[in-house]
Amino acid sequence: MTERQLLFTLDYEQFNEILSHQNWFNLQQEFERAGTSLSQSFLIWSGESGSTWLLADFDAKKTYDIETEAEAEAPTGTTEPEKSIKVEISGPSSQEKQLIELTDTSPILSYLQQNPQGTDDGFIDFIKKINLDRINLEKLKRSDLAAAGFSFEAGYQNLSPIYTMFCEILTSPRESLIDLSRGNLQQIMEYLRQFYEQAEQINNFEIKGENPSQTYGSLLQTIAGFCEGTKEFLRQHIAYLNSKKVKQLEDQVEITLASVEERYNTTISEETEKLLKLGEEAQQKEEKRQENFDQIYIQLQNQLTEKPISQYKAIFDSQAKSHGTMAWVWLGITVGLALISGGIFWWVLKDLLPAENNLSAVLPNLLAKGFFLSLIYLLLNRSIKNYTAEKHLEVINVHRQNALETVDPFLEATKENRETRDQILLAATKAIYDANQSGYLPAKTSSSDSASPVQQIIKEVLPSKSSDKSD
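Residues numbered from 1 in each chain as written. Predicted model: local features only at pLDDT ≥ 70, side-chain atom pairs only at ≥ 80, totals over all residues. Heavy atoms only, no water.

Engineer: Is there a simple way to explain the overall build of the protein chain in this structure?
Structural biologist: Broken down by element type, the protein chain carries 14 helices and six strands. Long-range contacts, defined here as pairs at least 24 residues apart, represent 68% of the contacts in the protein chain between residues at least 6 apart. When the accessible surface of the protein chain is summed, it comes to about 30,800 Å², and 54% of that surface belongs to carbon and sulfur atoms. (Helix = DSSP H or I, 4+ residues; strand = E, 2+ residues; numbered from the N terminus. Contact = heavy atoms within 4.5 Å. Areas by Shrake-Rupley, 256 points an atom, 1.4 Å probe, with all protein chains shown as cover.)

Engineer: Looking at this model, I keep getting lost on the nonpolar core. Mind explaining?
Structural biologist: Generally speaking, a soluble globular protein has its nonpolar side chains buried in company with each other. Among the nonpolar cores identified, the biggest contains 53 residues, and W45, F126, F166, M189, L192 and F195 are the most heavily contacted of them. Only β2 (42-46), β3 (52-57), α3 (96-100), α4 (105-112), α5 (120-127), α6 (153-170), α8 (182-204) and α9 (212-306) provide two or more residues apiece to this core. Sort the elements by how many residues they give to this core and α9 lands first, with ten residues. One finds L10, I18, F31 and F42 within the second-largest nonpolar core, a separate group that totals 17 residues. (Core = buried A, V, L, I, M, F, W, Y, C linked by side-chain atoms within 4.5 Å. Buried < 20%, exposed > 50% of the residue type's maximum accessible area, 1.4 Å probe, protein only.)

Engineer: I keep staring at unusual backbone geometry and nothing clicks. Help me out?
Structural biologist: Leaving glycine aside, a negative phi is the common case for residues, and trans is the common case for peptide bonds. For the peptide bond that leads from G91 to P92, omega is 0 degrees, which places it in the cis range. With a phi angle near 55 degrees, K61 is a residue other than glycine that sits in the positive phi range. Inspection of the secondary structure assignment puts K61 in the loop between β3 and β4 (62-73). Residues other than glycine seldom take positive phi values, yet N115 does so here, at roughly 50 degrees. Mapped onto the secondary structure, N115 falls in the loop between α4 and β6 (117-118).

Engineer: Explain α8 here, please?
Structural biologist: Helical geometry: 3.6 residues make up each α-helical turn, so side chains three or four residues apart lie on a common side. Here α8 contains 23 residues, and its C-alpha end-to-end distance of 33 Å stays within 8% of the 33 Å for a straight helix at 1.5 Å per residue. Taken together, the buried positions of α8 are occupied by R182, L185, I188, M189, Y191, L192, R193, F195, Q198, A199 and I202. (Expected span 1.5 Å × (residues − 1).)

Engineer: I'm lost on the pattern of salt bridges in this one. Help?
Structural biologist: Pairing is possible between side chains of opposite charge, provided their charged atoms come close. All chains considered together, the criterion is met by 13 salt bridges. One salt bridge in this structure joins D125 and R174, with 2.6 Å as the shortest N-O distance. Taken together, the positions of D125 in helix α5 and R174 in helix α7 (residues 174-177) put the pair 49 residues apart, joining distant regions of the chain. R174 sits in the partly exposed class, given a relative accessible area of 26%. A single network of salt bridges, built from pairs that share partners, joins D59, D121, D125 and R174. (Salt bridge = Lys/Arg side-chain N within 4 Å of Asp/Glu carboxyl O.)

Engineer: Looking at this structure, I do not really get the packing of aromatic side chains. What am I missing?
Structural biologist: Each aromatic ring pair is specified by the distance between its two centres and by the angle formed by the two planes. Following the criterion strictly, the structure yields 17 aromatic pairs and no others. Plain terms: the ring middles of F150 and F205 are 6.1 Å apart, the flat faces sit at 40 degrees to each other, and that makes the pair tilted. Remark: F205 occurs in the loop between α8 and α9 and F150 occurs in the loop between α5 and α6; sequence separation between them is 55 residues. One aromatic cluster is present, formed by W45, F58, Y111 and F126 through successive ring pairs. Across from the ring centre of Y156, 4.7 Å away, lies the NZ or CZ of K141, which sits over that ring. (Phe/Tyr/Trp six-rings, centres within 6.5 Å; stacked < 30°, edge-to-face > 60°. Lys NZ or Arg CZ within 6 Å of the ring centre and 35° of its normal.)

Engineer: Help me out: how do you make sense of the packing of α4 against α5 in this one?
Structural biologist: Axes are the key here: two packed helices are described by the angle between their axes and the distance separating the axes. Interaxial distance between α4 and α5 falls to 10 Å at its minimum, and their mutual angle equals 155 degrees. Between α4 and α5, the crossing angle belongs to the class labelled roughly antiparallel. Packed against α4, whose contacting residues are I108, Y111 and L112, the element α5 presents F123, F126 and I127 at the interface. In terms of residue class, the contact of α4 with α5 is made up of six nonpolar, no polar and no charged. (Axes fitted to C-alpha atoms, helices over the stretch in contact; angles between N-to-C directions. Parallel < 35°, antiparallel > 145°, perpendicular 65-115°, else oblique. Nonpolar A, V, L, I, M, F, W, Y, C, P; charged D, E, K, R; others polar.)

Engineer: Whenever I open this one, the pairing of β3 confuses me. Can you help?
Structural biologist: Looking along a regular strand, one sees side chains alternate from face to face of the sheet. Among the six residues in β3, five count as buried, and that is most of the element. Looking at chain direction, β2 and β3 are connected through five bridges and run antiparallel. Opposite I44, over in β3, you have L55 as the bridge partner. Taken together, β2 and the strand that follows it, β3, pair antiparallel across an intervening segment of five residues, in which G50 is found at a positive phi of about 80 degrees. (Pairing = 2+ DSSP bridges.)

The quantities given are spatial measurements derived from coordinates; they are silent on function.
Written out as structure tokens, the structure is:
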């Protein structure tokens, strides 16, 4: 526990004058002389004996004990001592933690009933410490008594809007509540105390005694009368607080707009001066800068053509040779598959020649050999397509290589003519990136080319309608 320390002393008459006239400025000055500060948010409670006081500073979260002490002094020209009263102010108080951290409604209302003195800020900060979330409104329904016919659903319906009004008032900012008089705030706290008592009576109600129905009905009637008078009082103050909120919002918007406008004007003025100064300097250097810009622009335009484009022909030369090699490979495979296909076809024809074997013996052998023939046909078809594709790519890359080999002399010859040089570059680009025709692939792929190999075999084997008619 922190030991109390004497801060300063006052004459009793001086301290009594401060309390009676509520001259809080003088009290704050005395604290300043003692090396500490007293904020604008504090309350002072008087003890039961009238010789002790408790001071709570809510902004600084500190409390102080104030006590009177009699001192003996000898009056001038006499030898008899006479008592004088001094007021000692020391801190921190033993109630500091309890009072500063207090949030329960009942103890705060109990402190308020002691009529403390102090600043309006202190009174508002103290009542805003009340935490109404601790009150469980659902318990006020007393659903446990519904079976016996003593449910307080009607009382809950009356108290619920009152609770909402209290929450709205206590959660309002200090700047809004400060405009309410101390008397109105005390009346609001008195209504809150009565509300708390009504809630306690509902929670403590029990079905006992000679006539519980009478007690039940009397309590509901008391709650209804309390809510009827309280709603009107609270509604007026909430309307006033809401109007203050709107006014504060309007003032805040005006202040913000004024601040933005001031910053905007200041910024515009500063930037205008900078621009004028820069404009004077820029005007002197504009001609030289324009000349440099034109030179840089011409250099950038010529950068692409200054570097020989024909050096990239090696890429297409390498691709052309690679595709040419693969084309020879697929040509060899195609020739080999064609020879194999011819041998199998001769093998099949041998079964079709007149022989002693009957049809039932020849047909299974013919079907088996026909399967091998169709498989070779599939491979042969794919090999031919791969060969044509490789030859197509070889021719295209040779064409691109030739385009790059011939572009440099044309560009050098048209170096002074920008438009002609651009046309040559566009023609070279088109020759490289367009899908050119090589003669190995059709210009447009027909639907028959996209059909599966099995479908093509069936089309080749089965006779067409035109052939049937001709037969």
